[in-house]
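Results of the structural survey
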Amino acid sequence: MKIRIAALASGRGSNLQAVIDAIASGALDAEIVGVFSDKPDAAALQRVPAPLRWSRKPKTFASREAFDAALADAVAASRPDWIICVGYMRILGTAFVQRFQGRLLNIHPSLLPRHRGLHTHASALDAGDAEHGASVHFVIPELDAGAAIAQAAVPVLVGDTPDSLAARVLEVEHPLLVAVLQMAAAGRIAEQAGHARLDGQPLFTPLRLEFAPT
Ligand code: GRF
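Here is a short report on the structure shown in this document. Just so it is clear, the structure is predicted and the values come from calculations on it, not from any experiment.

The rules behind these values
- Residues numbered from 1 in each chain as written.
- Predicted model: local features only at pLDDT ≥ 70, side-chain atom pairs only at ≥ 80, totals over all residues.
- Heavy atoms only, no water.
- Helix = DSSP H or I, 4+ residues; strand = E, 2+ residues; numbered from the N terminus.
- Rg over C-alpha atoms; globule rule 2.2 N^0.38 Å.
- Buried < 20%, exposed > 50% of the residue type's maximum accessible area, 1.4 Å probe, protein only.
- Contact = heavy atoms within 4.5 Å.
- Near = heavy atom within 4 Å.
- Polar contact = N/O pair within 3.5 Å; in protein donor to acceptor, adjacent residues only side chain to side chain.
- Areas by Shrake-Rupley, 256 points an atom, 1.4 Å probe, with all protein chains shown as cover.
- 1 Å grid on protein atoms, 1.4 Å probe; cavity = no way out; pocket = protein on both sides within 12 Å on 5 of 7 lines; lining within 4 Å.
- Sits in = over half its atoms within 2 Å of the grid points.
- Nonpolar A, V, L, I, M, F, W, Y, C, P; charged D, E, K, R; others polar.
- Lys, Arg positive; Asp, Glu negative; His and termini not counted.
- Salt bridge = Lys/Arg side-chain N within 4 Å of Asp/Glu carboxyl O.
- Pairing = 2+ DSSP bridges.
- Axes fitted to C-alpha atoms, helices over the stretch in contact; angles between N-to-C directions.
- Points joined across faces, edges and corners; volume = space filled by probe spheres on them.
- Phe/Tyr/Trp six-rings, centres within 6.5 Å; stacked < 30°, edge-to-face > 60°.
- Core = buried A, V, L, I, M, F, W, Y, C linked by side-chain atoms within 4.5 Å.

**Overview of the overall build of the protein chain**
Of the regular secondary structure elements, the protein chain holds 5 helices and 11 strands. Taking 2.2 N^0.38 as the reference for a compact globule, 214 residues should give roughly 17 Å; the C-alpha atoms of the protein chain span a radius of gyration of 17 Å, in line with that estimate. Summarising its shape, the C-alpha atoms of the protein chain cover approximately 45 × 40 × 35 Å along the three principal directions. For the protein chain, buried positions account for 47% of its 214 residues. Considering only residue pairs separated by 6 or more positions, the protein chain has 63% of its internal contacts joining residues 24 or more positions apart.

Put into structure tokens, the structure is as follows:
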């Protein structure tokens, strides 16, 4: 079944582009129904035709809740089956999350539950981790704490900087996100009672997917 995907993005949108490319190549049975941003100049917006773009500056709203409510109404109006946060850098309020819970995914650049929040690459280096990576997880009100569906790991190499590590992680983020969306399109994933489910079975540990280095 062709799934309708709404994307929330604040930045360059390389993950969004990976999804767009997978749709274009026929690898993913989906359509992008909107790209929503808190940054009107986000490069991610330019990756879709103008009618699919929505952006507002949070500063122009009376409150955080008012911005979130406008965003939620715009997202709902696009009638998405799934909503993906792809580099969306604003914390989503509880009302937003609850409205879309179970249909709201985030890609996070770490092997959760390690390194929640920002600066994950620096924190993996500081911790002396031998491996690092990315996770796709359901969003819950607590930041980066929802059930992870799948992860992909990369090695941490001698001499790595946060930037070199970020680049290595990004290479696996793209196929990881597409792989999870393929499962979503096939009706294979769901969230129930705080667990991600695959084919109806709870995933007590995230899937580990492997991608050949490019
Ligand atoms: C990615 O590393 C993603 O995991 C994180 O923000 C970055 C966004 O990159 N949440 P892009 O905008 O998709 O290129």
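**What to know about the site of the ligand**
In the region of the ligand, the neighbouring residues are R12, G13, S14, N15, G87, I107, P109 and E173. Interatomic distance of 2.5 Å between a side-chain N/O atom of R12 and an oxygen atom of the ligand. For the ligand, an oxygen atom lies 2.8 Å from a polar atom in the backbone of N15. Contact with the protein chains hides 86% of the accessible area of the ligand, taken as 370 Å² for the molecule alone. A molecule is said to occupy a pocket when more than half its atoms come within 2 Å of that pocket's grid points, and by this definition the ligand occupies the largest pocket. By residue class, the composition of the shell around the ligand is 2 nonpolar, 4 polar and 2 charged.

**Some remarks on the side chain of E173**
Note on placement: E173 falls in helix α5 (residues 162–185). Despite its burial, E173 remains without a salt bridge, the nearest opposite charge being carried by R12 at 6.2 Å. Other than its neighbours up to four places away in sequence, E173 contacts N15, I107, P109 and A134.

**As for the side chain of Q151**
Within the secondary structure layout, Q151 lies in strand β7 (residues 148–155). Here L112 takes part through its backbone oxygen, which lies 2.8 Å from a polar atom of the side chain of Q151. One polar contact links Q151 to S135, side chain to side chain, over a distance of 3.0 Å. Apart from the residues within four sequence positions on either side, Q151 is in contact with L111, L112, A134, S135, L176, P206, L207, R208 and L209.

**Some points on the sheet that holds strand β6 (residues 131–138)**
Reading across from one edge, β3-β2-β1-β4-β5-β6-β7-β11 is the order of the 8 strands in this open sheet, with mixed pairing throughout. Looking at the sheet topology across the chains shown, the edges are occupied by β3 (53–55) and β11 (207–208). Two elements, strand β4 (residues 82–85) and strand β5 (residues 104–108), share 3 bridges in a ladder whose sense is parallel. Looking across to β5, one finds that I83 is bridged to L104. Lying on the sheet, helix α1 (residues 14–24) is in contact with β1 (3–8), β2 (30–37), β4 and β5; it crosses β2 at an angle near 160°.

**Comments concerning the layout of surface pockets**
Empty space within the largest pocket amounts to approximately 900 Å³. Lining the largest pocket are 35 residues, with G87, Y88, M89, I107 and P109 positioned closest to its centre. Breaking the lining of the largest pocket down by element, the ones donating at least two residues are α1, β5, α4 (120–127) and α5. The biggest single contributor to the lining of the largest pocket is α5, with 4 residues. Classifying every residue of the lining of the largest pocket by side-chain character gives 17 nonpolar, 13 polar and 5 charged.

**Points about the packing of aromatic side chains**
In this description, an aromatic ring pair is defined by two values, namely the gap between the centres and the angle between the planes. Overall, the coordinates contain 5 aromatic pairs when judged by the stated rule. Ring centres of F61 and F67 lie 5.4 Å apart, and the angle between their planes is 85°; on these two criteria the pair is classed as edge-to-face. Among the residues examined, F61 registers a relative accessible area of 22% and is labelled partly exposed. With 6.3 Å between their ring centres and 40° between their planes, W82 and F138 make a pair best called tilted.

**Some points on the nonpolar core**
Ranked by size, the top nonpolar core spans 47 residues in total, and within it I5, L105 and I149 carry the most contacts. Per element, the largest residue contribution to this core is 11 residues, and it comes from α5. Among all residues touching L105, those that are not within four sequence positions of it are W82, I83, I84, C85, V136, H137, F138, V139, I149, V180 and L181.

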